[in-house]
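# Observations on the model geometry
Given next are the chains, with one letter for each unit.
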2 protein chains.
Amino acid sequence: MSGIKKTEISTIGEFGLIERITKDTVLKNKSTIKGIGDDAAVLSHPDKNIVVTTDLLIEGVHFNLMYVPLKHLGYKAVIVNLSDVYAMNAKPKQIVVSIAVSGRFPLEAIDELYEGIHLACEKYDVDLVGGDTTSSFTGLIISITAIGEVEKGKQVYRNTANENDLICVSGDLGAAYAGLQLLEREKEVFKSNPEINPDLTGYEYILERQLKPEARRDIVEFFEKSGIHPSSMIDVSDGLSSEILHICKQSNKGCILYEEHISIDEQTKKFATEINIDPSVFALNGGEDYELLFTIAQPDYEKIKSNPEISVIGHITKPEEKKLLVTRDGNFVELKALGWNAHLENK
Amino acid sequence: MSGIKKTEISTIGEFGLIERITKDTVLKNKSTIKGIGDDAAVLSHPDKNIVVTTDLLIEGVHFNLMYVPLKHLGYKAVIVNLSDVYAMNAKPKQIVVSIAVSGRFPLEAIDELYEGIHLACEKYDVDLVGGDTTSSFTGLIISITAIGEVEKGKQVYRNTANENDLICVSGDLGAAYAGLQLLEREKEVFKSNPEINPDLTGYEYILERQLKPEARRDIVEFFEKSGIHPSSMIDVSDGLSSEILHICKQSNKGCILYEEHISIDEQTKKFATEINIDPSVFALNGGEDYELLFTIAQPDYEKIKSNPEISVIGHITKPEEKKLLVTRDGNFVELKALGWNAHLENK
């Protein structure tokens, strides 16, 4: 935030702040009847089901302002919620955003944060329709609730995977976690010697995946166009391992995943190798990928096989079966949430 | 929290915590298709408009755990949001609740908080359908989003008051603020001498209004039964003065309020007198009343006059007119948000 103008929030007061951060708000969805400015927003989603999801982000717990630009933070805070909406096979339409800031936050910093929020709204055709602003004694707090719509009966849950269904995942995994590790490493370098400029060349992709992730709107639109109804779906926020275990537990099923089919980007592999970690650990236990993990009935394979953004990584098994990973070298390893590290240690 | 068992949250982990705080959740509304347990909740409000409102509550800013029991805090955090829904002439149906807690918070404290949340849900027939739980480095943070429904076209805004409309308010005003002042006073007494037990006898009503307020569901139901459509409405969270100014500004109108018609409870008057403050200051600038302030067309007076819970306190005037209060002694005073104190000082 160095170099930018610093105006104290107190100079414009709460109502002034609300006016400032909402003045760029453009309402685009016809389902938004009334946006910011009353006790509540008014929406209309006739003939559709509505999905609602919420996330609470705390400075120091979920983000570190030392290396996360505020504009990216605002963008990411929205994306995290939109990803949950897509994971229901729904389309996000509105968000409400609450923030708490301490006095050390200049107005210009809040402007940056909202630039990112508005940018995400614009890109994903979502309306910002309300929120709350308050003061905080400590750091920045962001709470976002997203509202989406889905045709009645088209919503996809976690607990409806069937035996023999194919397990699929969009994009590649582990990159966001690799990006975080890279940022943490450079932070330590900077701390020990502020003269050294971090060299992040060649790692643009993993940094972008960490700092400015996207939600998989394209996958949900592809399902619609291709007439695919996944049997279950979840977004990958805590790592593939944790997410597939959610699907298995809630669907009361087992699974087999194949390590060799898990898509990992070259930069992720390169960085993992550099710090002597198996890249699959990033993919299985990293998190913040915001990819979609879903299951489909086998006959639907024909419909997805030509989409390069989707990998088939395994299949669902009987309830009494374990949750297994077949490693590259042909071993069977039991999947555990954050438990695969243990396997590595035993190797 | 003294005397109760203290179990660290870390003993059960995040998923254990989610299970614990959601196990008592009973879904009652047929509009709730899917509650807690997936990426998002799924709702259905066919043929209705939906209203959405959100509030962020921070320890030390919005509440003080030194004198607010956690169960009451949970209850009140819900009520604050329901009040906003009623202020749209809508009925709350679902809430999502996010909390951030620090390690010093034992599980039993979280249980107490959720007892209050569940109690409010039960009393107001609202379903708890989702949320987020996370850790905080400092105090307790509560973020609630409430979703309600209203028949299409029946929602009531702030910006639609008409000239000559009657200004009405439910219940009595200033009591919650009086209760807060009483608690603050007793806190200071306790700090200076922990041996002294606070004597709150005779002030039960103002304490309850501060610690366990209710939202005016009855008023919205009365409107429906009586065929009343207020021309504008807002809930009284920041004091009567601030709220009527919102209606006037957004409706582009003036107003006249009559001090003598503002209903103030005897305990509020008694406490105000005890600390040498004009009770009307509590009513005009206090806040947290969660009463409904609304305007009606004059012909509707016949429909409301027999309801003892509604006072007519003034009327809406032309756009070029000021926003005035006629005091008991017949003076005209300009209303300002938090500005009436100035009048008192000039007296």
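No experiment lies behind these values; they were computed from the predicted model shown.

## Section: the overall build of chain A
- A count of helices and strands for chain A gives eleven helices and 13 strands.
- Here the C-alpha radius of gyration of chain A, 21 Å, is about what a compact globule of 347 residues would show, namely 20 Å.
- Its C-alpha atoms give chain A principal-axis dimensions of roughly 65 × 60 × 30 Å.
- Looking at chain A residue by residue over its 347 residues, the buried ones come to 53%.
- Partitioning the intrachain contacts of chain A with sequence separation of at least 6 by distance along the chain shows that 86% fall at a separation of at least 24.

## Concerning the domain arrangement of chain A
Residues and elements named next belong to chain A.
- By domain assignment, chain A separates into domain 1 (9-151) and domain 2 (166-346).
- Placing the centre of domain 1 and that of domain 2 at their C-alpha centroids yields a distance of 27 Å.
- Listed as interface residues are 15 residues of domain 1 and, on the opposing side, 17 residues of domain 2.
- Element by element, the count of residues in the side of domain 1 that touches domain 2 is highest for helix α2 (residues 70-86), at eight residues.
- In the side of domain 1 that touches domain 2, the residues fall into nine nonpolar, three polar and three charged.

## Concerning the environment of A90 of chain A
All names here are of chain A.
- Tracing the backbone shows A90 in the loop between α2 and β4 (91-101).
- Under the C-beta neighbour-count criterion, A90 is labelled buried, with 29 such atoms within 10 Å.
- It is 9.3 Å that separates the C-alpha atoms of A90 and I147, two residues lying 57 residues apart in sequence.

## A look at the sheet that holds strand β1 (residues 32-34) of chain B
- Taken together, the six strands give an open sheet; going across it, the order is β5(A)-β4(A)-β6(A)-β3(A)-β2(B)-β1(B), and neighbouring strands pair in mixed fashion. At either end of the open sheet lies a strand with only one pairing partner, and these are β5 (127-135) of chain A together with β1 of chain B. The average angle at which neighbouring strand axes cross in this sheet is 20 degrees, direction not considered.
- Across eleven bridges, strand β3 (residues 48-58) of chain A lies against strand β6 (residues 141-151) of chain A in antiparallel orientation.

## Side note on the relation of the copies chain A and chain B
- Rotating chain A by 180 degrees about the axis while translating it 0.0 Å along that axis superimposes it on chain B, leaving an RMSD of 0.0 Å. Here the symmetry operator amounts to a two-fold rotation axis. Nearest to the rotation axis, the C-alpha of P46 of chain A is located 2.8 Å from it, this being the minimum over chain A.

## Overview of the environment of P69 of chain B
All names here are of chain B.
- Following the sequence through the fold, P69 ends up in the loop between β3 (48-58) and α2 (70-86).
- Since 15 C-beta atoms lie within 10 Å of it, P69 is described here as partly exposed.
- The spatial distance from the C-alpha of P69 to the C-alpha of I110 is 11 Å, given a sequence separation of 41 residues.

## As for unusual backbone geometry
- Non-glycine residue Y290 of chain A carries a positive phi angle of around 55 degrees.
- The exposure class assigned to Y290 of chain A is buried, which follows from the 24 C-beta atoms found within 10 Å.
- One non-glycine residue, E288 of chain B, adopts positive backbone phi at about 65 degrees.
- Here E288 of chain B lies in the loop between α9 (279-285) and β10 (291-296).
- The exposure class assigned to E288 of chain B is buried, which follows from the 22 C-beta atoms found within 10 Å.

## Focus: the nonpolar core
- One finds V51, V52 and V78 of chain A together with V51, V52 and V78 of chain B to be the most contacted residues of the largest nonpolar core, which totals 206 residues.
- Setting aside residues up to four positions removed in sequence, V52 of chain B forms contacts with A40, A41, L43, V96, V129, G130 and I147 of chain A together with T145 and I147 of chain B.

## Brief notes about the interface of chain A and chain B
- Counting from both sides, the interface comprises 48 residues of chain A and, opposite them, 48 residues of chain B.
- Every element with two or more residues in the side of chain A that touches chain B is listed here: β1 (32-34), β2 (41-43), β3, α2, β4, β5, β6 and β8 (232-236) of chain A.
- The element that contributes the greatest number of residues to the side of chain A that touches chain B is β3 of chain A, accounting for nine residues.
- Direction of pairing for β2 of chain A relative to β3 of chain B: antiparallel, over a ladder of three bridges. By the bridge assignment, A41 of chain A is partnered in β3 of chain B with V52 of chain B.

## Some words on helix α3 (residues 107-123) of chain B
All names here are of chain B.
- Across its 17 residues, α3 extends 24 Å between first and last C-alpha, which sits within 8% of the 24 Å expected from 1.5 Å per residue.
- Taken together, the buried positions of α3 are occupied by L107, A109, I110, L113, Y114, G116, I117, H118, A120 and C121.
- Within two residues after α3, D125 carries a phi angle of roughly 55 degrees, on the positive side.

## Considerations on the packing of helix α4 (residues 175-192) of chain A against helix α5 (residues 204-211) of chain A
Residues and elements named next belong to chain A.
- Two elements in contact, α4 and α5, have axes whose closest approach is 7 Å; the angle formed by their N-to-C orientations is 100 degrees. Looking at the two axes, α4 sits roughly perpendicular to α5. From α4, A175, A176, A178, G179, L180, L182 and L183 reach across to α5, where they touch Y205, I206, L207, R209, Q210 and L211.

Calculation criteria
- Residues numbered from 1 in each chain as written.
- Chains lettered and ligands numbered in written order.
- Predicted model: local features only at pLDDT ≥ 70, side-chain atom pairs only at ≥ 80, totals over all residues.
- Helix = DSSP H or I, 4+ residues; strand = E, 2+ residues; numbered from the N terminus.
- Rg over C-alpha atoms; globule rule 2.2 N^0.38 Å.
- Buried ≥ 20, exposed ≤ 12 C-beta atoms within 10 Å, placed from the backbone.
- Contact = placed C-beta atoms within 7 Å.
- Domains from an automatic or database assignment.
- Nonpolar A, V, L, I, M, F, W, Y, C, P; charged D, E, K, R; others polar.
- Pairing = 2+ DSSP bridges.
- Axes fitted to C-alpha atoms, helices over the stretch in contact; angles between N-to-C directions.
- Least-squares fit on C-alpha atoms with pLDDT ≥ 70 in both.
- Core = buried A, V, L, I, M, F, W, Y, C linked by C-beta atoms within 7 Å.
- Expected span 1.5 Å × (residues − 1).
- Parallel < 35°, antiparallel > 145°, perpendicular 65-115°, else oblique.

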